[in-house]
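Secondary and tertiary structure notes
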Amino acid sequence: MKRCFSGKTVVLGVTGSIAAYKACEVASRLVECGAAVIPALTESACKLIGPATLEAITGRRAILGLWERGTASDMEHIAMARQADLFLVAPATANIIAKAANGIADDWISTTLLATRAPVLFAPAMNTNMYLHPATRDNIARLRRRGALFVGPGKGRLACGTEGEGRLVETDTILEAAAMALNPHKDLFGRTILITSGANHEPLDPVRYIGNRSTGRMGRAFAMAALSRGARVWVVRGPSTEPLPAAAQVTDVQTAREMYDAVMELVPRADVFIAAAAVADYRPETTHISKIKRGTDAFTLPLVPNPDIAAAVGGSRRPGQVLVGFAAETENVPANGAAKLRAKNLDLLIANRVGGARSAIGSDDCEAWLVHREREPDAYGVIPKTVLADRVLSEIARMLSAPRPGA
Ligand code: CTP
C-alpha cells in the first residue's frame, strides 16, 4: 500500500459529520504511507474536531476557509486544486455531496472540488434517511456519472441511535479505495478478472478438516492491483485470514469442489482467470457425521482426488481469455512451473518457491519466476507479492491488447 501513496499529495476534506474524528486516523495512516496530506475543514467540521489535531498529524496548516489569513489573494484553492494527486472527502456529508453534484462553490472544499482535475473520492457518512433520500441518491448518481468515486457508506449503528446504511467505512477500506483512485493506469478498465484465493478446508467430521497454510495474501494483492487498474474483480475465496477490498465481488467457499463449481459458473464471463488459491488436491473419502473418537490403533485416512480447477478452465477456455496459474514448488521451481503451464493449458504461470526460509506461503514476499508459453521465464528474485501482482497484471494487460494467434 505504501508504494501507492509515497510522494503523492492528498487533499483531505473533512466535513461536518459526527464521524469527523475518524478523519484523524485516515490522515495519520496516509502520512504513515508517505503521502503529503493537506487537511481542509468546513466550519461544521471545526465544531466537531479541532484543526490543531489534524495539523499535528499532518504537519501542515489546516485550511479552514477561503478568506482566512489572506489566502484568497494567493488563490490557495486553485494552487491546491492543481497540486492534489487525490481529493479525498472523508467523511462526506449529504451537504458536500449535494454541493459538488450541483457545482456550488461557497466554501474552500466545495470551491476546490470544482477547480481540481485530480480524482475525487467521497467517503459518505450520514443518517440512513438522509443517505437514502432521493435527493442524495440522485446527487451521488450524478457525481458517479462524472467520474467521482465513492467508498461506502457501510451499515451499522449510527451516532443518531439508528441502525442502517450511513456509517463511515473503516479506515483500511478508505485507504484501499484511495490507493486505487491514485493509480492513473486504467489499462484493465472494462475487463473482468476472476481470481481464486486462499486455502480449502476439506471436512473430515464436524470438528476437523484437512487444510493448508495459504493465507490468501497473493489473491488479495491481485484483487487490489486489478481494481486499481480499473478492472471488475470477482474473487472465489476459500478460507483465508486476509481481508479483500470492498470493491471486489466475493464468493466464499470452503472446499475445492465448491471452488470448482463457483469458478466454472463465473469463468465464461471473465476475461482473465488467475488461479492463486492453494487448492486441496485431495479430500477425505468420507465426511463423518459424528465426531471420530480417539482410539489407540494407527488410523488410516482414505483420500480421493479433487478436481483440478485450473486444468478444467484451461481445457474449456474461451478464445481471447488469459489464464494464469501458480506453481508452488520446493525444487526445480521454474522447470516444474513450465511443465504445469503446459499440462493445464495456461498462458502465464507464476512459479513460487515454497518450504524453507523463503517460503511464499504465509509471507508478504516470495521468490518468483514468471513462466511464459513461448519464451524463457523471467526470474524476479525475492519480491513483495504486491509488486509481483502489479508486474503480472502489466503482462496480462499487454496480452489482452495484443492480437493473439488462435485466441
Ligand atoms: N490448482 C487447481 N486445482 C487443483 C490444484 C491446483 O486449480 N486441484 C491450481 C492452483 O491454484 C495453481 C496451479 O493449479 O494455480 C498449480 O497448483 P500446485 O499446487 O502448484 O500444483 P498441483 O497441480 O496441485 O500439483 P502438485 O501438488 O503435484 O505440485
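1. Let's talk about the domain arrangement of the chain
Taken domain by domain, the chain comprises domain 1 (2-182) and domain 2 (192-401). Placing a centre on the C-alpha atoms of domain 1 and another on those of domain 2 gives a separation of 37 Å. Across the contact, five residues belong to domain 1 and ten residues belong to domain 2. The three residues of domain 1 that bury the most area against domain 2 are Arg3, Glu176 and Met180, which together make up 88% of that side's buried surface. There are one salt bridge connecting domain 1 and domain 2.

2. What to know about the nonpolar core
Counting 38 residues, the largest nonpolar core has Phe222, Val233, Ile274, Ile350, Leu388, Val392 and Ile396 as the members making the most contacts within it. With residues near it in sequence (within four places) discarded, Ile350 still touches Phe222, Val324, Gly325, Phe326, Ala327, Ala368, Trp369, Leu370, Leu388 and Val392. Counting residues in each nonpolar core, the second largest holds 35 residues, with Ala20, Leu30, Cys33 and Leu86 among its members.

3. Structural notes on the packing of aromatic side chains
The full count for this structure, using the stated rule, is two aromatic pairs. Here the aromatic rings of Phe222 and Phe326 are separated by 6.2 Å at their centres, their planes lie at 90 degrees, and the arrangement is edge-to-face. Here Phe222, found in helix α12 (residues 217-228), pairs with Phe326, found in strand β16 (residues 322-329); they are 104 residues apart in sequence, far enough to count as distant. A single burial state applies to Phe222 and to Phe326, both of which are buried. Directly above the aromatic system of Tyr131 lies the positively charged group of Arg137, at a separation of 4.6 Å from the ring centroid. In this arrangement the basic side chain of Arg391 is found over the ring face of Tyr380, its NZ or CZ atom lying 4.7 Å from the centre.

4. Considering the site of the ligand
Among the 14 residues in the neighbourhood of the ligand, the closest are listed as Ala275, Ala277, Ala310, Lys340 and Lys344. Take Pro307: an N or O atom from its main chain is 2.9 Å from a nitrogen atom of the ligand. Measuring from a nitrogen atom of the ligand, one finds a backbone N or O atom of Ile309 at 3.0 Å. Computed on the free molecule, the ligand has an accessible area of 560 Å², of which 76% lies beneath the protein chains in the complex. With respect to the detected pockets, the ligand is housed in the second largest pocket. Contributing elements (two or more residues each) for the shell around the ligand: α14 (309-315) and β16. Grouping the constituent residues of the shell around the ligand by class yields nine nonpolar, one polar and four charged.

5. What about the sheet that holds strand β12 (residues 249-252)?
Sheet strands pair by backbone hydrogen bonding; their relative direction is either parallel or antiparallel. Taken in spatial order, the eight strands line up as β12-β11-β8-β13-β16-β17-β18-β19 in an open sheet, and their pairing is mixed. The sheet is open, and its two borders are formed by β12 and β19 (378-384), each paired with just one other strand. Averaged over neighbouring strand pairs, the angle between their axes works out to 20 degrees when direction is ignored. Two strands pair when backbone bridges link them, and β16 and strand β17 (residues 348-353) are joined in this way by six bridges, in the parallel orientation. If you follow Val324 over to β17, its bridge partner there is Leu348. The strands touched by α12 within the sheet are β8 (192-197), β11 (232-237), β13 (272-275), β16 and β17, with β8 carrying the most contacts at an inclination of about 165 degrees. Packed onto the sheet, helix α13 (residues 256-266) meets β8, β11, β12 and β13 and runs at close to 160 degrees relative to β11.

6. Regarding the layout of surface pockets
Taken as a whole, the largest pocket spans an internal volume of roughly 1100 Å³. Lining of the largest pocket is provided by 42 residues; of these, Arg144, Gly147, Ala148, Leu149 and Phe150 occupy positions nearest its centre. In terms of residue class, the lining of the largest pocket is made up of 25 nonpolar, nine polar and eight charged. In this structure, the lining of the largest pocket is formed jointly by two domains, domain 1 (2-182) and domain 2 (192-401), each of which donates at least three residues. Of the voids in this model, the second largest pocket is the one considered here, and its volume is about 830 Å³. Along the walls of the second largest pocket sit 40 residues, with Ala277, Ala278, Val279, Phe326 and Ala328 positioned nearest its centre. Secondary structure elements with two or more residues in the lining of the second largest pocket: β8, α12, α14 and β16. Of all the elements, β16 adds the most residues to the lining of the second largest pocket, at four residues. Grouping the constituent residues of the lining of the second largest pocket by class yields 20 nonpolar, 14 polar and six charged.

7. Description of the packing of helix α7 (residues 94-102) against helix α10 (residues 134-145)
Two elements in contact, α7 and α10, have axes whose closest approach is 9 Å; the angle formed by their N-to-C orientations is 50 degrees. In terms of orientation, α7 and α10 fall into the oblique class. For the crossing formed where α7 meets α10, the hand is left-handed. Between α7 and α10, the residues in contact are Ala94, Ile97, Ala98, Ala100, Ala101 and Asn102 and Thr136, Asn139, Ile140, Arg142 and Leu143, respectively. Broken down by class, the residue content of the contact of α7 with α10 amounts to seven nonpolar, three polar and one charged.

Procedures and definitions
- Residues numbered from 1 in each chain as written.
- Predicted model: local features only at pLDDT ≥ 70, side-chain atom pairs only at ≥ 80, totals over all residues.
- Heavy atoms only, no water.
- Domains from an automatic or database assignment.
- Contact = heavy atoms within 4.5 Å.
- Buried area = accessible area lost by both parts, 1.4 Å probe.
- Salt bridge = Lys/Arg side-chain N within 4 Å of Asp/Glu carboxyl O.
- Core = buried A, V, L, I, M, F, W, Y, C linked by side-chain atoms within 4.5 Å.
- Buried < 20%, exposed > 50% of the residue type's maximum accessible area, 1.4 Å probe, protein only.
- Phe/Tyr/Trp six-rings, centres within 6.5 Å; stacked < 30°, edge-to-face > 60°.
- Helix = DSSP H or I, 4+ residues; strand = E, 2+ residues; numbered from the N terminus.
- Lys NZ or Arg CZ within 6 Å of the ring centre and 35° of its normal.
- Near = heavy atom within 4 Å.
- Polar contact = N/O pair within 3.5 Å; in protein donor to acceptor, adjacent residues only side chain to side chain.
- Areas by Shrake-Rupley, 256 points an atom, 1.4 Å probe, with all protein chains shown as cover.
- 1 Å grid on protein atoms, 1.4 Å probe; cavity = no way out; pocket = protein on both sides within 12 Å on 5 of 7 lines; lining within 4 Å.
- Sits in = over half its atoms within 2 Å of the grid points.
- Nonpolar A, V, L, I, M, F, W, Y, C, P; charged D, E, K, R; others polar.
- Pairing = 2+ DSSP bridges.
- Axes fitted to C-alpha atoms, helices over the stretch in contact; angles between N-to-C directions.
- Points joined across faces, edges and corners; volume = space filled by probe spheres on them.
- Parallel < 35°, antiparallel > 145°, perpendicular 65-115°, else oblique.
- Left-handed = near helix turned anticlockwise from the far one by under 90°.

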